[in-house]
Amino acid sequence: MPNIKSAIKRVRTNETKNAQNAHVRSTMRSSVRKADTAVLNNAENANDTLKAAIKQVEKAASKGLIHKNTAARKKSRLMKKQA
């Protein structure tokens, strides 16, 4: 544990940001997984889950959690499965 006051604050800030980033990343992965299963099972809500998954992927990319090319690849693979 750091002794300097600003370093202690930085540790607290990093923990908060880490939790937020983990939540966004987890939500993205879950929504992509749900979209995959919905498309494979020909569910009637496949389009809605697909839109939600793409939104989550774009959100993660805009926050810098995943690279923009990774986001493009994930979106492309999702759309390819739908067609």
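Residues numbered from 1 in each chain as written. Predicted model: local features only at pLDDT ≥ 70, side-chain atom pairs only at ≥ 80, totals over all residues. Heavy atoms only, no water.

As recorded in an unreviewed UniProt entry, the protein chain goes by the name Small ribosomal subunit protein bS20, listed as coming from Planococcus shixiaomingii. In its Function (unreviewed entry) section, UniProt records this for the protein chain: "Binds directly to 16S ribosomal RNA." Entered under Sequence similarities (unreviewed entry) in the UniProt record, the comment concerning the protein chain runs "Belongs to the bacterial ribosomal protein bS20 family." (UniProt positions renumbered as here; feature names shortened; annotations may be inferred.)

Draft legend 1. Highlighting the overall build of the protein chain. A count of helical and extended segments in the protein chain gives three helices and zero strands. When the helices and strands of the protein chain are read in sequence order from the N terminus, they spell out α-α-α. Taken over the C-alpha trace, the protein chain has a radius of gyration of 17 Å; the compact-globule value for 83 residues is 12 Å, which it surpasses by more than 25%. The 83 residues of the protein chain split such that 24% are buried. In the protein chain, the proportion of contacts linking residues at least 24 apart, taken out of those at least 6 apart, comes to 55%. Summed over its atoms, the accessible surface of the protein chain is roughly 6,300 Å², and 49% of this surface lies on carbon and sulfur atoms. Computed over 20 positive and 5 negative side-chain charges, the inter-centroid distance for the protein chain is 11 Å. (Helix = DSSP H or I, 4+ residues; strand = E, 2+ residues; numbered from the N terminus. Rg over C-alpha atoms; globule rule 2.2 N^0.38 Å. Buried < 20%, exposed > 50% of the residue type's maximum accessible area, 1.4 Å probe, protein only. Contact = heavy atoms within 4.5 Å. Areas by Shrake-Rupley, 256 points an atom, 1.4 Å probe, with all protein chains shown as cover. Lys, Arg positive; Asp, Glu negative; His and termini not counted. Charge placed at Lys NZ, Arg CZ, Asp CG, Glu CD.)

Draft legend 2. Structural view of a positive patch on the surface. On the surface, K17, K55, K59 and K63 cluster together to form a positively charged patch. You can see K59 is positioned in helix 2 (residues 46-62). In this structure K59 comes out as partly exposed when scored by relative accessible area, which is 41%. (Patch = residues over 30% accessible without salt bridge, like charges linked within 9 Å, V, L, I, M, F, W, Y side chains within 5 Å. Salt bridge = Lys/Arg side-chain N within 4 Å of Asp/Glu carboxyl O.)

Draft legend 3. The packing of helix 2 against helix 3 (residues 68-82), seen in detail. One way to put it is that helix 2 packs onto helix 3 with a least axis distance of 9 Å and a crossing angle of 170°. Here helix 2 is positioned roughly antiparallel relative to helix 3, judged by the angle of their axes. Along its contact with helix 2, which presents N47, L50, A53, I54, V57, E58 and A61, the element helix 3 presents A71, K74, K75, L78, M79 and Q82. Looking at the contact of helix 2 with helix 3, its residues break down into eight nonpolar, two polar and three charged. (Axes fitted to C-alpha atoms, helices over the stretch in contact; angles between N-to-C directions. Parallel < 35°, antiparallel > 145°, perpendicular 65-115°, else oblique. Nonpolar A, V, L, I, M, F, W, Y, C, P; charged D, E, K, R; others polar.)

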